[in-house]
Amino acid sequence: MRKGKAIIVKHTGSHYLLSELPQWRPFPAVARGKLRLKDSNSTNPVAVGDMVEYEAEDDFTGTATITSVLERKNYIIRKSTNLSRQSHIIAANIDCAYLVTTLAFPETKRAFIDRFLVTCEAYKVPVKIVLNKIDIYGESHREYVDYFKGVYEGAGYEVLEVSALTGLGVERLREECARNSGVNLFSGVSGVGKSSLMKALDPSLAPKISEISEHYKQGKHTTTFYEMYPLASGGFVIDTPGIRGFGLVDFKEHELSTYFPEMLKIMDDCRFKPCTHTHEPHCAVKEAVDNGEIDGERYLSYLGMLEEETKYR
Ligand SMILES: Nc1nc2c(ncn2[C@@H]2O[C@H](COP(=O)(O)OP(=O)(O)OP(=O)(O)O)[C@@H](O)[C@H]2O)c(=O)[nH]1
Ligand SMILES: [Mg+2]
Ligand SMILES: [Zn+2]
């Protein structure tokens, strides 16, 4: 019998594939009994990226048994709707999350982007924004692309302009993904090109890709499993199914603004502490919104999240 530690690289129902990263030699495993991390009521107690302990035959024949899940350094968690009681862990132990977005075909909603970013801040996941399908925007959209980049760079996030189709920006993304043989996550709504980007990074990979719907201008939820892939150029990428809804999990009203880096920077100057930045006089955040230092839509996202968090509690 052999005992070891490995990472979950694929998860389908009760079956897992594990690999001892940074080696890439996946082997099948099942869980012994109920795997559970403390205090977790998520639909999936373990996720891709989780480090587990396993037992297997010395020659790796047959199926290994997962005996326990090790403490996570970080993870991304969401609820499908704000009303839902159960939460879902997208992935764990991520070196860099790439939130893949598009301005159109399909449009990624700003509220969705901001919820994802807030969750990354709260659960300590480094995150960057990928603006994909740059090839289809053309000169007429340049102004909006610049505005979008201005907003998120101003808030403290890197924004990478890429096109999986033309290869623009792909080499830079490839270099970033290879850094420290790290585990990278591609997440976003359906149809933004997560699987296409993976294939652009490493043409030997063959994830399923399909056209967005002609009629609805939305993705068709082509990727259905969470799965990690090794890139020939180094590093690993977790391709994920498109996310339908992103509800926040376990946020306290007074913490929320600390997960907006541009608010966190100035909130010491609010007269009241804690300040919700809604009705209080002499609020530095509201002043920054009024004079344009904080983007108005980011602030609206903040108010929307604040309202939901107090309403559904
Ligand atoms: N023009 C253009 N089309 C792209 C680009 N990237 C992806 N697409 C197209 O967008 C559609 C959806 O791509 P996918 O890679 O399947 O999208 P996904 O994000 O993996 O979608 P799900 O798996 O459903 O979440 C396909 O028709 C791709 O060819 C791009 O940079 N430019
Ligand atoms: Mg996909
Ligand atoms: Zn304030």
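All values reported here derive from a predicted model rather than from experimental measurement.

J.: Would you mind showing me how to read helix H7 (residues 296-311) here?
T.: Because each turn of an α-helix spans 3.6 residues, side chains separated by three or four positions in sequence point in the same direction. Taking 1.5 Å of rise per residue, the 16 residues of H7 would be expected to cover 22 Å, and the 22 Å separating its terminal C-alpha atoms lies within 8% of that figure. All buried positions along H7 are accounted for by Arg-298, Tyr-299, Ser-301, Tyr-302 and Met-305. Down the axis of H7, the buried side of the element spans an arc of 155 degrees, and every buried residue falls inside it. Along H7, exposed side chains directed more than 90 degrees from the buried face belong to Gly-296, Glu-307, Thr-310 and Lys-311. At its buried positions, H7 is contacted by helix H1 (110-122), helix H2 (142-155) and helix H6 (284-290).

J.: Could you clarify how one ought to interpret the pairing of strand E3 (residues 27-31) in this entry?
T.: On a regular strand, one side chain projects to one face of the sheet and the next to the other, so that they alternate. Across 4 bridges, the pairing between strand E2 (residues 15-19) and E3 is antiparallel. Paired with Leu-18 across the strands is Phe-27, a residue of E3. Looking at chain direction, E3 and strand E5 (residues 64-69) are connected through 3 bridges and run parallel. Among the inter-strand pairings, Ala-29 is bridged to a residue of E5, identified as Ala-64.

J.: Got a minute to help me understand the domain arrangement of the protein in this structure?
T.: Frequently, the measure chosen for interface size is the accessible area that the parts lose on association. According to the domain assignment, the protein contains domain 1 (2-69), domain 2 (75-239) and domain 3 (256-311). A straight line from the C-alpha centre of domain 2 to that of domain 3 covers 27 Å. Taken together, the contact pairs 12 residues of domain 2 with 10 residues of domain 3. Those elements that provide at least two residues to the side of domain 2 that touches domain 3 are H1 and H2. When residues in the side of domain 2 that touches domain 3 are grouped by element, the largest group, 7 residues, is from H1.

J.: Sorry if this is basic, but what is going on with the site of ligand 1 here?
T.: In the vicinity of ligand 1 lie 25 residues, with Gly-193, Ser-195, Ser-196, Thr-223 and Gly-242 positioned nearest. Per-class residue counts for the shell around ligand 1 are 7 nonpolar, 13 polar and 5 charged.

Scoring rules and cut-offs
- Residues numbered from 1 in each chain as written.
- Chains lettered and ligands numbered in written order.
- Predicted model: local features only at pLDDT ≥ 70, side-chain atom pairs only at ≥ 80, totals over all residues.
- Helix = DSSP H or I, 4+ residues; strand = E, 2+ residues; numbered from the N terminus.
- Expected span 1.5 Å × (residues − 1).
- Buried ≥ 20, exposed ≤ 12 C-beta atoms within 10 Å, placed from the backbone.
- Arc of directions from axis to C-beta.
- Contact = placed C-beta atoms within 7 Å.
- Pairing = 2+ DSSP bridges.
- Domains from an automatic or database assignment.
- Near = placed C-beta within 6 Å.
- Nonpolar A, V, L, I, M, F, W, Y, C, P; charged D, E, K, R; others polar.

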